[in-house]
Amino acid sequence: MHEDLLAAMRQSIADGDQDAAKAAAQQAIDTGMDPLVAIDEGFVPGLSYVGACFTSGEMYLPDMMLAARAMKSAMAVLEPVLAENSATRRVRGRVVIGTVKGDIHEIGKNLVATMLSASGFEVVDLGVDVAPERFVAAAREHAADIVGVSALLTTTMTGQRTVVESLAAAGLRPDVKVIVGGAPVTKAWAAEIGADGYSEDAVGAVALASKIMEAAGAAQG
Ligand code: B12
């Protein structure tokens, strides 16, 4: 049953079938499946499959767009439940998040934003294709503790370095911490560009942000 539903989720994304994706997401909720399990073990593997088929030339950009649309429909059903399940209402820190300039991938960034806000962080989401100056302005305006920068393309990853450098040039570092993520991003890359942390997924992003806030609290005494 569980496996069948996860398979249906993967298939709905591979087919780019919005209705099937929505229905599978709703079924997950109705049957009490953890929305994170649905996302990580059902829908995301579907997207990974589509990405692999795109690389091998078996699928084309329109297929990837349909898959993304189906994924967003499923997320629209699951995200409110993720947010509702949040344990805490205490504000644990303020995070400004966005996808770098030139990059319009948003599904993973949205998931990180949802998980952070569900875990008690105040999140300002700048959206996609965000210029470094906007990250800087928003970090200043909202007195951000953390800036989260997403990049999904090897060609836009360098934008993460620009954000780190721009925050430094504006005099906001090291008080404002920078965390980075996205499929091509690694821990080594984060270290190379002087970011304060990297996580490969949304659950890890919450743990990372929490650790940063604890360290900041300890430093203040
Ligand atoms: C969906 C998709 C699209 C959609 C995006 C729709 C949308 N609204 O987001 C569309 C169709 C628009 C698209 C376009 C393109 N795409 Co695309 N896309 C994908 C795909 C299939 C899935 C991405 C996704 O949503 N994954 C699911 C989420 C949940 O995972 P995630 O994004 O990795 O996020 C998780 C972690 O990385 C992490 N994380 C993410 N952000 C952050 C931020 C922080 C701060 C932290 C801590 C953690 C974190 O946590 C997230 C949650 O667990 C990937 C394949 C893949 N396997 O990644 C290709 C992929 C990323 N795309 C690719 C390409 C080439 C393109 C295009 C250039 C294609 C083209 N020829 O036009 C364009 C680029 C457009 C642009 N300028 O940005 C390549 C990139 C290759 C490379 N190495 O650079 C990939 C890898 C496909 C492939 N195998 O070739 N794409």
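These figures come from a predicted structure and were not determined experimentally. (Residues numbered from 1 in each chain as written. Predicted model: local features only at pLDDT ≥ 70, side-chain atom pairs only at ≥ 80, totals over all residues.)

Looking at the domain arrangement of the protein chain
As a measure of interface size, the accessible area lost when the parts come together is often cited.
Move 1: Segmentation of the protein chain into domains returns domain 1 (2-84) and domain 2 (93-220).
Move 2: Between the C-alpha centres of domain 1 and domain 2 the distance comes to 25 Å.
Move 3: Counting residues at the interface gives 9 residues for domain 1 and 8 residues for domain 2.
Move 4: Looking at the side of domain 1 that touches domain 2, the elements that each hand over two or more residues are helix 3 (35-56) and helix 4 (61-84). (Domains from an automatic or database assignment. Contact = placed C-beta atoms within 7 Å. Helix = DSSP H or I, 4+ residues; strand = E, 2+ residues; numbered from the N terminus.)

A word on helix 7 (residues 158-169)
Move 1: With 12 residues, helix 7 should cover 16 Å at 1.5 Å per step; its first-to-last C-alpha distance of 17 Å lies within 8% of that length.
Move 2: By the burial criterion, the buried members of helix 7 are Gly-159, Gln-160, Arg-161, Val-163, Val-164 and Leu-167.
Move 3: Of the surrounding elements, those touching the buried residues of helix 7 are helix 6 (132-141), strand 3 (146-150) and strand 4 (177-181).
Move 4: Once helix 7 finishes, Gly-171 follows within two positions and takes phi at roughly 80 degrees, a positive value. (Expected span 1.5 Å × (residues − 1). Buried ≥ 20, exposed ≤ 12 C-beta atoms within 10 Å, placed from the backbone.)

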